[in-house]
Amino acid sequence: QVHLVESGGGLVQPGGSLGLSCVASGSIFSINFMAWYRQAPGKQRELVASITWAGSTDYADSVKGRFTISKDNAKNTVYLQLNSLKPEDTAVYYCKADIRPTTRPTVFRYWGQGTQVTVSS
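Conventions adopted
Residues numbered from 1 in each chain as written. Predicted model: local features only at pLDDT ≥ 70, side-chain atom pairs only at ≥ 80, totals over all residues. Heavy atoms only, no water. Disulfide = S-S within 2.5 Å. Helix = DSSP H or I, 4+ residues; strand = E, 2+ residues; numbered from the N terminus. Buried < 20%, exposed > 50% of the residue type's maximum accessible area, 1.4 Å probe, protein only. Core = buried A, V, L, I, M, F, W, Y, C linked by side-chain atoms within 4.5 Å. Pairing = 2+ DSSP bridges. Phe/Tyr/Trp six-rings, centres within 6.5 Å; stacked < 30°, edge-to-face > 60°. Lys NZ or Arg CZ within 6 Å of the ring centre and 35° of its normal. Axes fitted to C-alpha atoms, helices over the stretch in contact; angles between N-to-C directions.

Q: Where do I start with the state of the cysteines in this structure?
A: Here is the idea: a disulfide is a covalent bond, and it sits between the sulfur atoms of two cysteines. Throughout the structure, instances matching the rule amount to 1 disulfide. Across the disulfide from cysteine 22 sits cysteine 95; the S-S distance is 2.1 Å. One quick way to see it: the torsion about the S-S bond of cysteine 22 and cysteine 95 is about -80°, and its sign makes the bridge left-handed. Here cysteine 95 lies in strand S9 (residues 91–101) and cysteine 22 lies in strand S3 (residues 18–25), a separation of 73 residues in the sequence. Comparing cysteine 22 with cysteine 95, the two get one shared label, buried.

Q: Looking at this structure, how should I read the nonpolar core?
A: The nonpolar side chains of a soluble globular protein tend to be buried, and buried together. Membership of the largest hydrophobic core comes to 31 residues, with the highest contact counts inside it found for Trp36, Leu80, Tyr93 and Ile99. Those elements that place two or more of their residues in this core are S3, strand S4 (28–39), strand S5 (46–52), strand S7 (67–72), strand S8 (77–82), S9 and strand S11 (115–119).

Q: How do you make sense of the pairing of S3 when you look at a structure like this?
A: Successive side chains on a regular strand alternate, one facing one side of the sheet and the next facing the other. With 5 bridges connecting them, strand S1 (residues 3–7) and S3 associate as antiparallel partners. Within S3, the position partnered with valine 5 by the bridge is valine 23.

Q: Before we go on, may I ask you to explain the packing of aromatic side chains in this structure?
A: Two measures describe an aromatic ring pair: the distance that separates the ring centres and the angle between the ring planes. Under the counting rule described, the total for this entry stands at 1 aromatic pair. The side chain of arginine 45 reaches across the aromatic face of tyrosine 94, ending 3.8 Å from its centre. Its end group placed over the ring of phenylalanine 29, arginine 100 keeps NZ or CZ at 4.0 Å from the ring centre.

Q: Please explain the sheet that holds S3 as it appears in this structure.
A: Within a sheet, each strand pairs with its neighbour through backbone hydrogen bonds, oriented either parallel or antiparallel. Sheet architecture is open: 4 strands sit in the order S1-S3-S8-S7, paired in antiparallel fashion. A strand with exactly one partner marks an edge of an open sheet, and here the two such strands are S1 and S7. Pairs of neighbouring strands in the sheet enclose a mean axial angle of 15°, with direction left out of account.

Function-wise, these values are silent; they only describe arrangement.
Here you go:
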């Protein structure tokens, strides 16, 4: 069974930093795409950053220059470094991955359980 687990969230003051991790585990044949989303209460879930299997990255305008997405293929892990945090960054951050399991030749989309990031003084 393929699943994703995020970690690294917490409470931080404005201007501070956090590092998030997302580990994919299970019967994985390949991982094609990974991304970070976030969702605040009462708001739509939004794409924060993404990275392809080859390492191409993309960011939401609101986080460009502050957040960095990276990955370690050997560890099936994607990271999100959050710097210069603002109160408006407060949200639950979710990891998403497009993964082909070993059991069938089809790519499925998986979501992690989310990790809370709160930016407040």
